[in-house]
Amino acid sequence: MPELAEVAYFVRQWRAGVGAVVERVETHPRARVFRESGAKEIAAALRGKVLTAAEAAGKQALFRFAEEIWLGIHLGMSGRLFVAAERAGMAPWAESPAGQPQPQHDHLVLHMVNGVALIYNDPRMFGAVRLHRGQDAPEWWRKIPGALTAKEFSEEKLRGILARHPRVLVKSLLLRQEYFPGIGNWMTDEILWRARVSPHRRAEEMGVEEIAVLWRTIRQVCRDALRVIGERWYPVPDAWLFNHRWQRGGICPKDGSPLRYETIGGRTAAWCSQCQR
Ligand SMILES: [Zn+2]
């Protein structure tokens, strides 16, 4: 499932169309991704409009067009954005059961006058495309909390979140988008592993020093992910947990212990019982 940095990477691909007019729109009108806004309506709204901006926030993408038209895309489980020229160059997408993107899953294609095609591909179709008209960005976008790398995500703020949910596992809490926009399963695993916190720990069991470490680690993992995955997708350094967690039988890159895998809060957590207490 695309998290913070993957969404940033995908949005970056569509920036190839910023400044260009939408010449033609291709859709699969019956695709489930159009359950909120109809494909015909989207095509009619975008045709002839200039794409003026492309932004990512948390797990959401928002594209601004001339004449107060906005297109939101949530990538769901398996959605991706890319430009036609890049299809052959895509890196393998480890968590996607579908492997390489297949053209039959291109549910929305914007053919731009500058010669690029902006493609939204989504095999499982849990993603959604949303059209919005208005001077301001849609409300769902404005409600996304500030980035975890921004100043407003302070250590005190993290302490407050943990204090409000004392019985909740830190792993589950980190997955809540209203507090930690863009954090998903692999990022929570990476954060807890680097901070040496077991995924079985509850918020109330965290000491002041541990919370300080957790806060620094959340910000560091976000920055690292945006720098590596968000900018160029791969390679991800082998010193991260990332490369070792996707398949069962992974080894902790710190001490060589076998990783443990367990369903926690509905997601499969990978962790090292030696490093994380
Ligand atoms: Zn370890």
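Everything below is about the structure shown above.
These remarks concern the structure in this document. (Residues numbered from 1 in each chain as written. Predicted model: local features only at pLDDT ≥ 70, side-chain atom pairs only at ≥ 80, totals over all residues. Heavy atoms only, no water.)

Comments concerning the sheet that holds strand β1 (residues 22-27)
The test is simple: When DSSP locates at least two bridges between a pair of strands, those strands are taken to pair. Strands here are runs of E lasting at least two residues and helices are runs of H or I lasting at least four, both read from the DSSP assignment and numbered beginning at the N terminus. A fitted line through C-alpha atoms represents every axis, and for helices the fit uses only the stretch in contact; the resulting angles, taken between N-to-C directions, go from 0 to 180 degrees.
Taken in spatial order, the four strands of this open sheet run β1-β6-β7-β5, and their pairing is antiparallel. Strands at the two margins of the open sheet, each flanked by one partner only, are β1 and β5 (80-83). Between one strand axis and the next, the sheet turns by 15° as a mean value, whatever way the strands run. Inspection of the sheet shows strand β6 (residues 106-112) paired to strand β7 (residues 117-121) by five bridges, in the antiparallel sense.

A look at the pattern of salt bridges
Which entries qualify depends on this criterion: Salt bridges, as used here, are contacts in which a Lys or Arg side-chain nitrogen is within 4 Å of a carboxyl oxygen on Asp or Glu. Think of it in three bands: with a 1.4 Å probe and only protein chains considered, a residue is buried below 20% of the maximum accessible area for its type, exposed above 50%, and partly exposed in between.
Under the counting rule described, the total for this entry stands at twelve salt bridges. The residue Glu 36 makes a salt bridge to Arg 130 at a minimum N-O spacing of 3.7 Å. Placement of the pair is Glu 36 in the loop between β1 and α2 (39-46) and Arg 130 in strand β8 (residues 128-133), with a sequence separation of 94 residues. By relative accessible area, Arg 130 is classed as partly exposed at 21%. Of the charged contacts, one joins Glu 178 and Arg 176 as a salt bridge, the two residues approaching to 3.2 Å between their closest N and O atoms. Looking at Arg 176, the relative accessible area reads 29%, which means it is partly exposed.

Quick notes on the coordination of the zinc ion
Around a metal, the ideal angle is 109.5 degrees if four donors adopt a tetrahedral arrangement and 90 or 180 degrees if six donors adopt an octahedral arrangement. So the rule is basically this: Distances decide who is a donor: an N, O or S atom must be within 2.8 Å of the metal, or within 3.2 Å for Na, K and Ca. Water is not included, so sites may look incomplete. Any site counts as irregular unless it has four donors with all angles between 85 and 135 degrees, making it tetrahedral, or four or six donors with opposite ones more than 155 degrees apart and the rest between 65 and 115, making it square planar or octahedral.
Ligation of the zinc ion by protein atoms is provided by Cys 252 (SG), Asp 255 (OD), Cys 272 (SG) and Cys 275 (SG), these donors lying 2.2 to 2.6 Å from the ion. Geometry at the zinc ion is irregular, judged from the four donor atoms that bind it and their angles of 81 to 122° at the metal. As a motif over one chain, the donors of the zinc ion read C-x2-D-x16-C-x2-C.

Some details on the nonpolar core
Applied cut-off: Note on terminology: a nonpolar core comprises buried Ala, Val, Leu, Ile, Met, Phe, Trp, Tyr and Cys residues joined through side-chain atoms within 4.5 Å. Residue ranges labeled as domains rest on an automatic or database domain assignment. Should any heavy atoms of two residues lie within 4.5 Å, those residues are counted as being in contact.
Grouped together as the largest cluster of nonpolar side chains are 68 residues, with contacts concentrated most on Phe 63 and Leu 71. With nine residues, the top contributor of residues to this core is helix α7 (residues 208-232). Of the domains in this structure, domain 1 (4-142) and domain 2 (155-271) are the two that each give at least three residues to this core. Beyond its immediate stretch of four places on either side in the chain, Leu 71 contacts Trp 14, Ile 42, Leu 46, Ala 61, Leu 62, Phe 63, Phe 65, Leu 108, Val 129, Arg 130 and Leu 131.

Observations regarding the environment of Ile 69
Structurally, Ile 69 can be placed in strand β4 (residues 69-74). A relative accessible area of 2% places Ile 69 in the buried class. Along the backbone, Ile 69 and Gly 19 are 50 residues apart, and their C-alpha atoms lie at a distance of 14 Å. Beyond its immediate sequence surroundings of up to four residues, Ile 69 is in contact with Ala 45, Leu 46, Lys 49, Phe 63, Arg 64, Leu 131, His 132 and Arg 133.

From the geometry alone we can't say anything about function, so treat these as descriptive.
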